[in-house]
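# Residue-level structural notes
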Amino acid sequence: MNRCAALVVVATLTVLCSAALAAQSKTKADPKATNAASTATIEIVPVQDRVYLLAGGSRNVAVQVGNDGVLYVDSSTADLSEQILKATRTLSQRPIRYVFNTHAHPENVGGNQALSRQGISFGGGNTKDQTFALIYAHENVLNALSAPTGKQAALPSDFWPTDTYFTESMEVHFNGEPVELISVPQAHTDGDSLVLFRGSNVVVTGDVFLTTGYPIIDVAHGGTINGLIAALNRIIDIAIPGENEEDGTLIVPGQGRVCDEYDVVVYRDMVTIIRDRVQDLIKKGMTLQQVQAARPSRDYDVLFTPGEGHATPEQFIQAVYETLKSGGAE
Amino acid sequence: MQVTRIGGWLATMLLAASPAVLAQVDLSGTWGQLMHEDNAERGAGPDFADYTGLPINDAARLRAESWDAAKWTVPEHQCEPHPADYAPHGPAGLRIWSTVDVTSQQVVAWHMTHAWMVTTRTIWMDGRQHPPPEARHTWMGFSTGKWEGDTLVVKTTHLKEGWIRRNGVPRSDRGTLTEYFIRHGDILTLVSVVEDPAYLTEPLMRTWNWALHLGYQIAPYPCSARVETERPKGFVAHWLPGTNPQLKEFASKRKLPAEASRGGAQTMYPEYQLELQKAAVPPAAATNPAGAKQ
């Protein structure tokens, strides 16, 4: 691929998109669900080296391109797949080889089937090549999308991860650089992974880090405030900034703009401070309603525009309160 | 310095009186900062809980009251430079130079290096648009400029979250900056206006001055973060609401009513002096009420 050419290419495609906070709390994922006839614009934003951001859907999609082929991190919703593929082809004509999922929510796995079916995986020995790209994720993503024999799965098997891990990490070497899925347990969900592109020096975070709102903690599916803060601290551990706490390792959040370590530090500080305030109010014996009425996030509420598919201050405080009370991810 | 309403009027009138021609004053050179103003902002910085003259809202005040200087012991905070809107407070000697298109001989961009941590910003003069919202935010932001008479007017967006006073008063990443660079012979004046829909109820206007200094040199300022104090992993320095024992120190030391130290748009204006005369001044003692530090 011609990187110089790619840097000046901005593919703008008008599409329908769905974005629903409520959908995140549902057990059954519907990747084709659209809750509004909203118009989204998919834009290619160069991140660093071989990694690009496909922005415009309700969740960010990252793509790494090179001689080995194409690797996606998350696949957005199914209705965006065609536009994502078109945008990708302005960057690379090489085969789609991998889709990595940061977690199991429908806004992140809804395009798995469509993107994977356009790809290829190479066999070896006594196996033959397959006409689909491999899908990698934490084991709990497979658990969320599939079901035991005789029970209804959340999604057809074409959407499921083809390879999973249950250890601290899973790694491949692709397009000339190590690529690592790093487990951050009990954070946004019970199956979150960060994706580290070591050569490009980029971390794709999924929804454990957003620039557009408070964290969305899916308590029903294993998310906890302490696990989420641990995940943010893990990103800070991995990232090495350039001069004056800027540049260096770049961070692609689940929603919002491309960042560097400082942006994550500011977000981590905010989330930790609010967690500590809620913890203090719990120690004073306050109920959830009393804690919400005390508005422990009131100095940060002004940073975010409500009503855009993000957690409201009350929803965020409730998730913090409930997971602190239950001792999740202590 | 903080400019009062009258000062703002004067500045506005002076700018309006400038001839509307495409004058281009040469700003190039090395400039030594005149440190004759804003003494409280220099050196060690302002007192804790001195928010006087800042048009902040309640949210900004709570963030400032939760701020703990122990922040600077955390490695990931140690190498933060001043953002573009605070950088002129310095110490801020300046080096200014331009990039000139060789064919048209037009200035494509102005560049400025600040002495403190050697931050460098670029002000684009070629008419380009500001980037979309999903573009990165940086310490210096994205700046475009145009000449209004002999005044270079600069608009800056895409700033990282920063501060408008070094005692924890925040400026959000939604904040924007408008600047007016005015050269009078060997004196350079900057009028700066910060707007922030998150934390300011009115624009914050400040000015600084520099003198042309032909021998001025900017020294390197490498910064390497180090663990200087053992902290738990993920430590975030802050005070829980109601526990910061430092909040009354400034008002007590200056014999000000506590309300005056808490800032707000009203404290920017001369009329507020009349309000101060009505307010009770607290006794000078009692600066350290009990409070458990987070």
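Presented here is an overview of the structure given in this document. Worth saying up front: this structure is predicted, and the values here are computed from it rather than measured.

## Some points on helix α8 (residues 261-283) of chain A
All names here are of chain A.
- Compared with an ideal rise of 1.5 Å per residue, which puts 23 residues at 33 Å, α8 spans 32 Å between its outermost C-alpha atoms and is within 8% of the ideal.
- In terms of burial, α8 is a largely internal element, 17 of the 23 residues being buried.
- Backbone geometry just downstream of α8 places Gly285 in the positive-phi region, at approximately 90°.

## Some details on unusual backbone geometry
Residues and elements named next belong to chain A.
- If you check the backbone angles, Ser76 has positive phi at about 60° while not being a glycine.
- Counting through the fold element by element, Ser76 comes out in the loop between β5 (69-73) and α3 (81-89).
- Phi angles above zero are rare outside glycine, and Asp247 is one such case at about 65°.
- Here Asp247 shows up in the loop between α7 (225-238) and β13 (250-252).

## Some remarks on the interface of chain A and chain B
- Opposite the 25 residues of chain A that make contact, chain B presents 30 residues.
- With 10 residues, α8 of chain A is the single largest residue contributor to the side of chain A that touches chain B.
- Looking at the side of chain A that touches chain B residue by residue, the classes come out as 12 nonpolar, 3 polar and 10 charged.

## A look at the sheet that holds strand β11 (residues 193-197) of chain A
Residues and elements named next belong to chain A.
- Strand order across the open sheet formed by 6 strands is β9-β10-β11-β12-β13-β14, with mixed pairing between neighbours. Each edge of the sheet is formed by a strand with only one pairing partner; in this case those strands are β9 (169-174) and β14 (259-260).
- In this sheet, β11 lies alongside strand β10 (residues 177-183) in antiparallel orientation, the contact comprising 5 bridges. Bridge pairing links Ile182 to Leu194 in β11.
- On top of the sheet, α7 reaches β11, β12 (202-204) and β13; it is set at about 10° to β11, its chief contact.

## Remarks on the nonpolar core
- If you look at the biggest cluster of nonpolar residues, it comprises 142 residues, and the most contacted ones within it are Leu54, Val63, Tyr72, Phe100, Leu232, Ile235 and Val264 of chain A.
- Of all the elements, α8 of chain A adds the most residues to this core, at 11 residues.

## So, the pairing of strand β4 (residues 61-66) of chain A
Residues and elements named next belong to chain A.
- Within β4, 6 of the 6 residues are buried, leaving the element largely enclosed by the surrounding structure.
- Going residue by residue along β4, you find Val61, Val63 and Val65 tucked away on one face and Ala62, Gln64 and Gly66 tucked away on the opposite face as well.
- Taken together, the 4 bridges between strand β3 (residues 51-55) and β4 define a ladder with antiparallel strand orientation. Counterpart to Leu53 in the pairing with β4 is Ala62.
- The sheet contact formed by β4 and β5 spans 5 bridges and is antiparallel. The residue of β5 that forms the bridge with Val65 is Val70.
- Linking two consecutive strands that pair antiparallel, namely β4 and β5, is a turn of 2 residues.

Thresholds, definitions, all that
- Residues numbered from 1 in each chain as written.
- Chains lettered and ligands numbered in written order.
- Predicted model: local features only at pLDDT ≥ 70, side-chain atom pairs only at ≥ 80, totals over all residues.
- Helix = DSSP H or I, 4+ residues; strand = E, 2+ residues; numbered from the N terminus.
- Expected span 1.5 Å × (residues − 1).
- Buried ≥ 20, exposed ≤ 12 C-beta atoms within 10 Å, placed from the backbone.
- Contact = placed C-beta atoms within 7 Å.
- Nonpolar A, V, L, I, M, F, W, Y, C, P; charged D, E, K, R; others polar.
- Pairing = 2+ DSSP bridges.
- Axes fitted to C-alpha atoms, helices over the stretch in contact; angles between N-to-C directions.
- Core = buried A, V, L, I, M, F, W, Y, C linked by C-beta atoms within 7 Å.

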